[in-house]
Amino acid sequence: MRIEQGQVAVVTGAASGIGYGLAEALAARGVRVVLSDVQTDAVERAAATLAAAGATTLAVPADVSDADQVHALAETTIDRFGRVDLVCNNAGVVSRPAPMWEQSLGSWRWLIDVALLGVVHGVHHFVPHLIRQGGGHVLNTASVGGLMALPTLTPYNAVKHAVVGLTESLNLELRAVAPTLGASVLCPGPVATALSETSRANQPAGAQTPDPRDTLEDRAAQRGGSILLPADVARIALAGIEADRVHILTNPETAAGVRARVEALLADLPW
């Protein structure tokens with residue numbers, strides 16, 4: 001899909017981090033952007049900031065775990081702009097690091113509701129519009145943790161694997177309808193975002209979020225990896241969409257882990 005001036009994009013989790021990076025990059029290319037987030041004040045500020053720079057924006061607060069709110073987001077988008085060309089199901093949260101048997105059931109339910117069902121809701125309510133207009137693209141944000149194991153982050157790991165798998169199937173389903181439709185899954189490594197902070201700010205009862213002392217910088221240093229800026233991730237994501245890539249990876253050093261996982265899978269084949 002070519003990303004062009006005058007198109008309409010919806011980005012969830014757009015108040016900060018990768019979501020805001022995507023919204024900013026799209027706005028810079030003349031795309032009209034609907035920014036959505038569970039944090040009402042923050043998403044309105046984000047939309048206003050982009051509008052002040054000349055972009056056409058609309059802030060629509062929504063909790064993606066609530067199907068009715070995502071339906072309202074889709075209806076508001078169509079009512080305002082008459083179409084939608086790119087749907088970025090980006091909203092996500094993270095639980096605290098711990099072995100799987102120590103993860104609370106509340107954390108599991110929360111991550112499934114937001115990071116998995118949030119994507120399902122976005123596809124369910126937006127894709128029929130893409131099909132009716134004869135073209136468009138879906139970008140689902142997963143993680144490199146959707147392509148390899150992440151010990152101590154099993155709820156996060158599990159839902160990101162699910163998002164990768166559903167996007168692969170969704171892409172084939174959309175391509176079968178029309179060659180102008182498609183889907184991609186964004187699988188970033190470490191990115192300088194406030195994911196832990198926003199997760200703590202919005203966690204429901206029973207969910208466990210990362211300790212403030214457990215920083216992304218410390219984790220990346222331990223693994224010898226890089227930390228990208230959201231703007232870098234957004235640039236790579238848009239290039240991947242235009243190149244018709246189904247899997248969009250961002251951090252070069254994560255390739256070794258992905259290859260190791262694929263090689264281990266192939267090694268386990270009995271024939």
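Everything below is about the structure printed above this text.
In short, a report on the structure.

What counts and how
Within each chain, residue numbers correspond to sequence positions counted from 1 in written order. In keeping with the predicted nature of the model, local features appear solely for residues at pLDDT of at least 70, side-chain atom pairs appear and are counted solely at 80 or more, and the whole-chain, interface and lining totals rest on all residues. The side-chain quantities take in all heavy atoms of the structure and omit both hydrogens and water. By definition, any uninterrupted DSSP run of H or I lasting at least four residues is a helix, any uninterrupted run of E lasting at least two residues is a strand, and each is numbered from the N terminus. The buried label goes to any residue with under 20% of its type's maximum accessible area, the exposed label to any with over 50%, and the partly exposed label to all in between, with areas taken from a 1.4 Å probe on protein chains only. With residues, only the protein chains shown are counted as cover, and all accessible areas are computed by Shrake-Rupley using a 1.4 Å probe. The nonpolar core is taken to be a set of buried Ala, Val, Leu, Ile, Met, Phe, Trp, Tyr and Cys residues, with the residues joined through side-chain atoms within 4.5 Å. The span one expects for a helix is its residue count, reduced by one, times 1.5 Å. Note that bend, as reported per residue, equals the angle between axes fitted to the 7 residues terminating at that residue and the 7 residues originating from it. Here a residue-residue contact requires only that any non-hydrogen atoms of the pair lie within 4.5 Å. Should DSSP find at least two bridges between two strands, the strands are regarded as paired. Think of it like this: strands point away, you trace from the first strand over the helix to the second, and a clockwise trace means the crossover is right-handed.

1. Things to note about the overall build of the protein
A tally of regular secondary structure across the protein gives nine helices and seven strands. The 271 residues of the protein split such that 50% are buried. Element-wise, carbon and sulfur atoms account for 56% of the exposed surface of the protein, whose accessible area totals about 12,200 Å².

2. Structural notes on the nonpolar core
V34, V84, F126 and V138 are the most contacted members of the largest nonpolar core, which totals 46 residues. Sorting the residues of this core by element identifies β1 (8-12), α3 (67-81), α4 (105-133), α5 (154-177) and β6 (181-187) as the ones contributing at least two each. By residue number, the principal contributor to this core is α4, which donates 10 residues. With 34 residues, the next largest nonpolar core counts L26, A47, L86 and V191 among its residues.

3. Some details on α4
Given 3.6 residues to a turn, an α-helix orients residues that are three or four positions apart in the same direction. Its 29 residues place the ends of α4 41 Å apart at the C-alpha level, agreeing with the 42 Å of an ideal helix rising 1.5 Å per residue. In the structure, α4 departs most strongly from a straight axis at L117, where the bend amounts to approximately 40 degrees.

4. Looking at the side chain of N171
With respect to the element layout, N171 can be found in helix α5. The exposure class of N171 is buried, given its relative accessible area of 7%. Those residues in contact with N171 that sit more than four places away from it in its chain are G182, A183 and V246.

5. A look at the pairing of strand β5 (residues 136-141)
With six of six residues buried, β5 lies mostly within the body of the structure. Here β5 shows no split at all, with G136, V138 and N140 on one side and H137, L139 and T141 on the other all buried. Sheet analysis places strand β4 (residues 86-89) next to β5, joined by four bridges and oriented parallel. Looking across to β5, one finds that N89 is bridged to N140. For the crossover that starts at β4, traverses α4 and ends in the parallel β5, the hand is right-handed. As defined by bridge partners, β5 adjoins β6 across six bridges and the pair is classed as parallel.

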